Amino acid sequence: MRQVSIVSLLFAAALGPVAFAQEIGSPARGLVYVRDRCAECHAVEAATKQSPVRAAPSFVTIANVPGMTPMALTAWLHSSHKLMPNLIVHSEDLGDVIAYIRSLKSSPPAEK
């Protein structure tokens with residue numbers, strides 16, 4: 001019985017990093033969502049440099065804010081903003097929106 005517990009523990013430990021490495025949602029579904037609900041004010045795609053509302057940051061800018069982790073994005077998406085309407089992103093869409101925004105994060109420059 002003890003061997004089964006040790007094997008189970010080792011198996012879970014080996015798979016743990018894989019579970020954390022997986023993205024929390026679908027960037028493709030997130031893009032569909034933000035095009036429909038956010039693009040009126042924000043530049044939601046990487047190719048769009050300026051937001052329709054100048055005060056609204058682009059999603060590329062948001063993605064590249066230092067420390068903008070999935071947890072920080074969750075908090076940000078649940079907080080009221082001075083110029084933003086009180087938007088409610090439902091839990092079934094939240095992971096997709098976060099995955100899409102995170103997909104816009106620039107890669108760090110390659111070291112020489």
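Please refer to the structure placed before this passage.
These figures come from a predicted structure and were not determined experimentally.

Student: Just give me the short version of the side chain of H42, but keep the residues and values in it.
Tutor: Position of H42 among the secondary structure elements: in the loop between α2 (27–37) and α3 (59–63). Among the polar contacts listed, one links the side chain of H42 to the backbone oxygen of P57, at a separation of 2.6 Å. Beyond its immediate chain neighbours, meaning those up to four positions away, H42 contacts S51, P52, A56, P57, F59 and M84.

Student: Go over the pattern of salt bridges, please, and point to the residues and values.
Tutor: Taken as a whole, this structure holds 3 salt bridges when the rule is applied. Linking D36 and R37 is a salt bridge whose minimum nitrogen-to-oxygen distance equals 3.6 Å. Taking the relative accessible area as the measure of exposure, D36 reaches 59% and is therefore exposed. R37 gets classed as partly exposed once you look at its relative accessible area, which sits at 44%.

Student: Provide a residue-level description of the nonpolar core, including the pertinent values.
Tutor: In a soluble, globular protein the nonpolar side chains are often hidden away together inside. Within the largest apolar cluster, 19 residues are counted, with the highest numbers of intra-cluster contacts made by V34, F59, I62, L73, V97 and I101. At the level of elements, α2, α3, α4 (70–77) and α5 (91–103) are the ones that each hand at least two residues to this core. In terms of residue count, the dominant contributor to this core is α5 (5 residues). Those residues in contact with V34, other than ones at most four positions away along the chain, are A39, V44, F59, V97 and Y100.

Student: Tell me about α2, residues and numbers included.
Tutor: For α2, the complete set of buried residues consists of G30, L31, Y33 and V34. Looking straight down α2, one finds its buried side chains confined to an arc of 165°; they lie on one side. Opposite the buried face of α2, by more than 90 degrees, sit the exposed residues A28, R29, V32 and D36. Contacts made by the buried residues of α2 are with α3 and α5.

Student: Which residues make up the packing of α2 against α5, and what are the values?
Tutor: Contact geometry for α2 and α5: axes closest at 7 Å, N-to-C directions at 100°. On the basis of their axis angle, the class for α2 and α5 is roughly perpendicular. Residues P27, R29, G30, L31, Y33 and V34 of α2 form the contact with α5, whose own contacting residues are D93, D96, V97, A99, Y100 and S103. Taken together, the residues of the contact of α2 with α5 break down into 7 nonpolar, 2 polar and 3 charged.

Thresholds applied
By convention here, each chain's residues receive numbers from 1 onward along its written sequence. Only residues with pLDDT of 70 or above have their local features reported here, since the model is predicted, and side-chain atom pairs are shown and tallied only from 80 upward, although totals for entire chains, interfaces and linings are computed over all residues. Note that the side-chain values use all heavy atoms of the structure and ignore hydrogens as well as water. Only DSSP runs of H or I covering at least 4 residues are called helices, and only runs of E covering at least 2 are called strands; the numbering of each starts at the N terminus. Two N or O atoms form a polar contact when they lie within 3.5 Å of each other; inside protein one atom must be a possible hydrogen donor and the other a possible acceptor, and for residues adjacent in sequence the pair counts only when both atoms belong to side chains. Contacts: residue pairs with any heavy atoms within 4.5 Å of one another. Salt-bridge detection follows one rule: a side-chain nitrogen of Lys or Arg within 4 Å of a carboxyl oxygen of Asp or Glu. Relative accessibility under 20% of the residue-type maximum defines a buried residue, over 50% an exposed one, and the middle range a partly exposed one, all with a 1.4 Å probe and only protein chains included. Residues grouped as a nonpolar core are buried Ala, Val, Leu, Ile, Met, Phe, Trp, Tyr and Cys residues, joined through side-chain atoms within 4.5 Å. Working note: the arc is built from the helix axis to C-beta atom directions. Only the stretch in contact is used when fitting a helix axis, every axis being a line fitted to C-alpha atoms; angles between N-to-C directions are given from 0 to 180 degrees. We call two directions roughly parallel when the angle between them is under 35 degrees, roughly antiparallel when it is over 145, roughly perpendicular when it lies between 65 and 115, and oblique otherwise. Note on residue categories: nonpolar means Ala, Val, Leu, Ile, Met, Phe, Trp, Tyr, Cys or Pro, charged means Asp, Glu, Lys or Arg, and polar means any other residue, Gly included.

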